[in-house]
Amino acid sequence: MSQGEKMILVTGAAGKAGSGVVRAFARRGVPVRALVHEPARASWLTQLPGVSVFAGDLRNRATLGPALEGVKRALLISSPREEMVDAQISFIDAAQAAGVPHVVKFSGREAGVGFDQEVFRGTRWHGQIERYLERSGLIWTHLRPSQFMQNYLPSSITGVDVMARELVMPIGDAQLSPVDIADIAEIAVGVLTSDGHENLAYDITGPEALSMTEIVERISAATGTPFRYIEVTLEEQRRRYTAAGLPPHVVDLFDEQFSERRRTPVARVELAAHHAFGVTPTSFAAFARDHAAEFTGPTR
């Protein structure tokens, strides 16, 4: 195929996950299109080699034509908000109308369990979109990552408190298997640049199931600064997030997510996707060392 016949599009390219994927393409020197809602707020993307930035709204098909022209594979990412289902279904319809043969959905763990399960609302949203894509007639691939390691950075609402040297969570001794976005990005690039992934789903986690106490132990070791895990009730966490200015519907989403994690205290570890694409799994200890300055730096 010529390069024009291999054109790849990444939506949500200014977000946490999408920008990680675009950076991975740039590191490899592979041309990619980056779709963003507001290009003025993502001007840094234009500085990356091989990246072409397009403006578009997933919910407005009329804005997507130039970005979709000639695209053979698209990675579908958007923010996990109430409008996610409508936005992503709209994009799938637009991709189909534009002749894009293959859509790779950036989904979530457990999205394939079905709607009869008591699962987090965001997981149900991903599952609904997955099923719509599977019925669309397009070639599909689902990427289902676990929680991001980046969620523990001070810049995240769920991250450590730099000043107090604390990680506050309402999930008790539950274990999670967080994954580095850089790992997910490398796997995503592998899927988008090679054949053989048609109509498959890839679960992606980090290499360890860790409790919050183990998380802060690794942060402490990486920074040389003692951090501690503070367990709070769901009600206390709701009050903290409300006081931080989060809208009620976002607080509700976190409440559901934390409740689900309390119900499933031991996380699975799934590294088949890492192995399939030759990606070395990043341990949380290595992640903490790489981001030690952020864990001990200025507060958000």
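Preceding this paragraph is the structure being described.
The rules behind these values
- Residues numbered from 1 in each chain as written.
- Predicted model: local features only at pLDDT ≥ 70, side-chain atom pairs only at ≥ 80, totals over all residues.
- Heavy atoms only, no water.
- Helix = DSSP H or I, 4+ residues; strand = E, 2+ residues; numbered from the N terminus.
- Rg over C-alpha atoms; globule rule 2.2 N^0.38 Å.
- Buried < 20%, exposed > 50% of the residue type's maximum accessible area, 1.4 Å probe, protein only.
- Contact = heavy atoms within 4.5 Å.
- Lys, Arg positive; Asp, Glu negative; His and termini not counted.
- Charge placed at Lys NZ, Arg CZ, Asp CG, Glu CD.
- Pairing = 2+ DSSP bridges.
- Axes fitted to C-alpha atoms, helices over the stretch in contact; angles between N-to-C directions.
- Salt bridge = Lys/Arg side-chain N within 4 Å of Asp/Glu carboxyl O.
- Core = buried A, V, L, I, M, F, W, Y, C linked by side-chain atoms within 4.5 Å.
- Expected span 1.5 Å × (residues − 1).
- Phe/Tyr/Trp six-rings, centres within 6.5 Å; stacked < 30°, edge-to-face > 60°.

J.: Please set out the overall build of the chain residue by residue, giving values where relevant.
T.: A count of helical and extended segments in the chain gives eleven helices and eleven strands. The C-alpha radius of gyration of the chain comes to 19 Å, within 12% of the 19 Å expected for a compact globule of 300 residues. Expressed along its principal axes, the backbone C-alpha trace of the chain runs to roughly 55 × 40 × 35 Å. Burial status across the chain gives 52% buried among its 300 residues. Partitioning the intrachain contacts of the chain with sequence separation of at least 6 by distance along the chain shows that 74% fall at a separation of at least 24. Considering the chain, the positive charge centre built from 31 side chains and the negative charge centre built from 35 side chains are found 3 Å apart.

J.: Help me get a handle on the sheet that holds strand E2 (residues 32-36), residues and values and all.
T.: Within the open sheet, the seven strands sit side by side as E3-E2-E1-E4-E5-E6-E9. Their pairing is parallel. Edge positions in the open sheet fall to strand E3 (51-55) and strand E9 (200-204), since each of these has one partner strand only. Within the sheet, the average angular offset between the axes of one strand and its neighbour, ignoring direction, is 20°. Inspection of the sheet shows strand E1 (residues 7-10) paired to strand E4 (residues 71-76) by four bridges, in the parallel sense. The residue of E4 that forms the bridge with Ile-8 is Arg-73. In this fold helix H1 (residues 16-28) packs onto E1, E2, E3, E4 and strand E5 (102-106), with an angle of close to 150° to the strand it touches most, E1. Its contacts with the sheet place helix H5 (residues 181-192) against E1, E4, E5, strand E6 (139-145) and E9, and it is angled at close to 155° to E4.

J.: Quick one: what's the story with the pattern of salt bridges, residue by residue and with numbers?
T.: Taken as a whole, this structure holds nine salt bridges when the rule is applied. The salt bridge partner of Asp-195 is Arg-73, with a shortest N-O separation of 2.4 Å. Placement of Asp-195 in the loop between H5 and E9 and of Arg-73 in strand E4 is noted, with a sequence separation of 122 residues between them. Residue class for Arg-73 comes out buried when judged on its relative accessible area of 13%. Each of the salt bridges in this network shares a partner with another, and the network as a whole consists of Arg-27, Arg-28 and Glu-186.

J.: Please provide a residue-by-residue account of unusual backbone geometry, values included.
T.: In the Ramachandran plot, Arg-165 falls in the positive-phi region, its phi being about 55° despite a non-glycine side chain. With respect to the element layout, Arg-165 can be found in the loop between E6 and strand E7 (166-169). Although it is not a glycine, Asn-199 sits at a positive phi angle of roughly 60°. Its location among the elements puts Asn-199 in the loop between H5 and E9. Judged by its relative accessible area of 40%, Asn-199 is partly exposed.

J.: So what about the nonpolar core? Which residues, and what values?
T.: Within the largest apolar cluster, 36 residues are counted, with the highest numbers of intra-cluster contacts made by Val-21, Val-22, Phe-25, Leu-45, Leu-75 and Leu-143. Elements with a contribution of two residues or more to this core: E1, H1, E2, E5, H5 and E9. Ranked by residue count, the leading element in this core is H5, at eight residues. In this structure, Val-21 is in contact with Val-10, Leu-75, Ala-185, Ala-188 and Val-189, ignoring residues within four places of it in sequence. The next biggest cluster of nonpolar side chains, apart from the first, holds 27 residues, and it includes Leu-35, Ala-74, Val-103 and Trp-140.

J.: If you had to explain helix H3 (residues 84-98) to someone new, which residues and values would you point to?
T.: With 15 residues, H3 extends 21 Å between its outermost C-alpha atoms, agreeing within 8% with the 21 Å of an ideal straight helix rising 1.5 Å per residue. Of the residues making up H3, those classed as buried are Met-84, Val-85, Ala-87, Gln-88, Ile-89, Ser-90, Phe-91, Ile-92, Ala-94 and Ala-95. On its buried face, H3 sits against E1, helix H2 (65-68), E4, E5 and helix H4 (121-135). A positive backbone phi angle near 85° is found at Gly-99, which sits one or two residues after H3.

J.: So, the pairing of E6: which residues are in play, and what are the values?
T.: Strand residues, when the strand is regular, have side chains that alternate between the two faces of the sheet. Burial analysis of E6 places six of its seven residues in the buried class, the great majority of the element. With five bridges connecting them, E5 and E6 associate as parallel partners. Bridge assignment links His-102 to a residue of E6, and that residue is Ile-139. Inspection of the sheet shows E6 paired to E9 by five bridges, in the parallel sense. From the neighbouring strand, Leu-143 faces E9, where its bridge partner is Tyr-202.

J.: Before we move on, can you summarise the packing of aromatic side chains with the specific residues and values?
T.: Tallying each qualifying case throughout the model produces eight aromatic pairs. Three or more aromatic residues joined by ring pairs form one cluster here, namely Tyr-152, Phe-284, Phe-287 and Phe-295.

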